[in-house]
Structures are given as structure tokens and as C-alpha cells.
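Observations on the model geometry
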Amino acid sequence: MIVATVCGVKGLGVRGWLLLGLVTVVVLAATGVWNPFPALWDWVDRSKPISEPDVVWQQRVGGTPRSVTIAGDTVIVEQRTRIEARNLADGGRLWERKADWSAVAGSGRESVVAVGRLLDKGYEVLDPVSGVTRRRDDRAIAVWTYRNLLLDAYCVQATDCTLRAWEPRGTAPLWSAFLPGVHSGVLADNPELLGTRRLGATRIDGGVAGPESVPPLLGFPVDGRVHVVDTATGRVLQNVQPGREERLAVVGGRLLRIAATSRDGSCYYAVTAVDPATGQQVWRRTGINLRTADYAGCVQREDPQGGRNVIIGVAPDGREAVLDGYDGRLLQVGADGEKLLAVDDRYTVVRSADKGSLLGRELSADRTRWTRPAGGKNGAALTPYAAVISEEKPSRLIAVQPREGRVLVELRTSANALAVGPNGMIIGEGREIGYVRWGAGTGEAPGPDQDGAPVAPDPGGSWRPPSDQGSCGPKNELCAGGK
């Protein structure tokens, strides 16, 4: 009997011995005697650096991020069914919450995180560091988040809704306004309003800049009409029905009526800006194509392109132009063949006609502030703290100061730019995210501001026109004391 067993063992062969060894390891792991699998998996699944030079820290999150936002000293990572908060200093996880959506309101250490579940009314406002609930609402069907305001809306009936404004960390509404409906169903975070749409960029997330300051006026689409709300007081200034050939947009404190007429095989455009408070026409321009129509009978299905308080148009000669939404001035007219890559109401990033250079221009002075070589295929985005540039072949991410063009960081990476803060940015690839501080790979020290942050204008201040317009602004916000 013993001889037969030995012969049987000797006859196992290589495959038999491997199977026997695997069974033995499984038995030992199941009984808790010895478990090599976690260490083995860590070795197989070890993360490779996602950039060169390396990031300050790199972490693998629970799922592929849908959005990433820097909120003061934390990083808020929104995934499909949960939200993670991580320490900006080392990437360590601070808390986790099951939720279908999240949005950051406020700025710096005064930020908060609104979270909610799809198909459920209500939301919670969380502290980004501790995850503790600061405020809870059980009625709201939509939330809009800004650097200086949080808006929500709840409906008693489909045609009886209330819009409320809160300070990000406030416990009582600043104001409330009646709206005859918002939309059907639960809308979650930041449903689209009638404003401008951003220029897209390869490998740069659309929310890389984080929340912006609330515009002076917002346009809410309700049953084919547009309700224009003053965000300082909550007063509904206009309730407008667009014409058959019109599209409405609220930009720079004005209600824009964009007309596109089909004639002689072409689309003819006219833009009229109205002061919602008085209903009076403020400015009008013809012949500027705001790219709102798809040329199928000149039907307008898109908001105009732009950023903050400026809009982008195409002149009849094909050159791209930037217009001030407040008074209609031409702030910039590009040269023939130039391409706008990014715009806000301070700066633009333009690719030259020969595709060999990127130009940074200041709108208030209408002048080129910096020039740098353009590599391969370029994309760009403007944020309060940096202009982010993506390049292909080779793949790079570069961040420069928007006004001076000084390089803040230059990375050799195929990762995406996900979020930009005052001291650095978050990049990510798949489930891996990492934080890079300004100054990495540039060979020069960061700017003179505290903690190595470059000097940057205060992005949370009141809105101002791109240059002196000789006016107190749409809400007298430019005059002393607001009077």
C-alpha cells in the first residue's frame, strides 16, 4: 500500500506537482496559517508612476473618477456610486460616502461638498475634511454650485417650484424665488442653464477649473421660455418666449437674443443684447456666427461658445472673434487661420495660423503676453491659477501662468489634467490619480506666494468687465458701496 502511494506520487509529473502545491497553498490560506495572495496581488498590481518627473503622491481610487475637484486641503473624487475625499498633502483617504453625484461649492477652506442619490429628492452638504453633514435637505430636485453661492430648487407641483440661494456654509437661505417649473424628474447636480458652452480640450477635464463665481444673472429654461433671475436678490427680471428663429442665452448680465435666418442657401445671424431689468436693447451685432446652428435649416440647438462673460463668434471673413457679453465690444479678432483653444473673460490661448506656436493674449489690453512652441496636437484650458496645455506625440501636460506664460510645471505623461488648485494640479489615468506641485520639472522655483503658490488674481471676487466700460455694471457692483 505504501509502495503504491509512493509510486503514485512519483507519477504526478510537473503539472501534478503544481496542482498539489496550489491545493496546499489554498488550504493554508483558508485555515489562516499562511496567505501569500495579498502580497502577490500587490506585486502584480503595483502602480507605475503616471508622469515624469514623478508626482508628489499617487493613489489608486475605488473606481474610475467621473470628476475630481480640489476643495481647500482636500481632493473630492466622484465615482459612479460613491464619493471619496483625500488629503491634498499625501493622498490619504479621509472618508468615503455612497452617493451617485457630488458637487463642490465655495472656495479654499470654506468649501463644502453637496452629495445626493439619483432618483431620490434631497441632498446633503458635507464638510470636505471630516465628511460630517453640515446641512440636509429632503425636497430639492436640483443643485447648482458656485464659488460664492449654492442654489437649489424644489417643486410642490410640476408648475410650482422654488429656487433658493445659500451661502456655501450657510444654514438659512439668502433668498427664494418662484419659478413655474424647473424640469421634469430629479435633476441632481448642475443641470444646464442657458449660458455659454466651453471649448473642449483633449486630455483636459471640462471641470478642471473647479466651481466659478456665480454670474450676475442666470437663465432658467422652463417649458420653452426663459426666466432670468438676478442672483443678488432672487428677483425674476424676465420671462421671455424666444421667437421661431431665435435662441436665448444669458451672458455677462445681458439677455442675448440670437437670430439665425436661412436665406440664399446661407445662414444670416444677428445678436441683440437686452438689459433684463429694463427690457431695453443695449447692443446689436450682425454677421457674427456664434456657432449655435447646425446648418440644417439654420436651426439653433446649441448655446454660444465662450467662457464666463465673453462669447466667441466667427466673422464673415472666417476669423474668430471674442465679444464682451455686457456691451458687445470686440475684445479680440484673430488673424486669418488662427484657432482659439481656450477663453475666459481675462485671457485667451490661441494656436497660430502655421500651427507652430501657442499665444497667450490678454483681453483687456488686446495684446499677446506670451508665446511658446506648439507641439503636435494641442489643447488648452484656462483656470484661475494656470493655463493648462496638453500635447500629443510626445504626450505632455504643461501649466503656465495665464498672464506671463511662466512655466509652472511640465510633465511627460499620458494622463489627463483633472483639477487645478493654487499650488498644483491633480492628474489621472484610469483609477490612478496623483498630485503635482508647481515647480516640478521646470528647473525654476515656484512663484513668491505662500506655500510655493504662484501669484494669481483672486478668482472669487465680484465680476468685472474685461476693461473699464464707464458703467457701474449690471447690478451697480462696480460702484463704491454698490450704489
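These numbers come from a predicted model, not from an experiment.

This part is about the sheet that holds strand β36 (residues 432-437). With antiparallel pairing, four strands are arranged side by side in an open sheet as β1-β36-β35-β34. The two strands at the open ends of the sheet, each matched to only one other strand, are β1 (57-60) and β34 (416-420). The average undirected angle you get between the axes of adjacent strands in this sheet is 25°. As paired elements, β34 and strand β35 (residues 424-429) share four bridges and run antiparallel to each other. Bridged to V420 within β35 is M425.

The next subject is a nonpolar patch on the surface. Taken together, the side chains of L19, L22, V23, V26 and V27 present a nonpolar region at the surface, about 430 Å² in accessible area. Inspection of the secondary structure puts V23 in helix α2 (residues 13-30).

Another point: the nonpolar core. Most often, soluble globular proteins have nonpolar side chains that are buried together. Within the largest apolar cluster, 21 residues are counted, with the highest numbers of intra-cluster contacts made by V409, A417, V420, M425, I427, V436 and W438. Elements with a minimum of two residues in this core: β32 (396-400), β33 (407-412), β34 and β35. The biggest single contributor to this core is β33, with three residues. Beyond its immediate sequence surroundings of up to four residues, V436 is in contact with V55, V56, V409, L411, N423, G424 and M425. Of all hydrophobic cores here, the second largest spans 20 residues; its members include W144, Y146, L151 and L179.

The sheet built from four strands is open, its strands ordered β18-β19-β20-β21 with antiparallel pairing. At either end of the open sheet lies a strand with only one pairing partner, and these are β18 (246-251) and β21 (280-286). Strand-to-strand, the axes of this sheet are offset by a mean angle of 25°, without reference to chain direction. In this sheet, β21 lies alongside strand β20 (residues 266-275) in antiparallel orientation, the contact comprising six bridges. Bridge pairing in β21 places A273 opposite W283.

What counts and how
- Residues numbered from 1 in each chain as written.
- Predicted model: local features only at pLDDT ≥ 70, side-chain atom pairs only at ≥ 80, totals over all residues.
- Heavy atoms only, no water.
- Pairing = 2+ DSSP bridges.
- Helix = DSSP H or I, 4+ residues; strand = E, 2+ residues; numbered from the N terminus.
- Axes fitted to C-alpha atoms, helices over the stretch in contact; angles between N-to-C directions.
- Patch = residues over 30% accessible without salt bridge, like charges linked within 9 Å, V, L, I, M, F, W, Y side chains within 5 Å.
- Areas by Shrake-Rupley, 256 points an atom, 1.4 Å probe, with all protein chains shown as cover.
- Salt bridge = Lys/Arg side-chain N within 4 Å of Asp/Glu carboxyl O.
- Core = buried A, V, L, I, M, F, W, Y, C linked by side-chain atoms within 4.5 Å.
- Buried < 20%, exposed > 50% of the residue type's maximum accessible area, 1.4 Å probe, protein only.
- Contact = heavy atoms within 4.5 Å.

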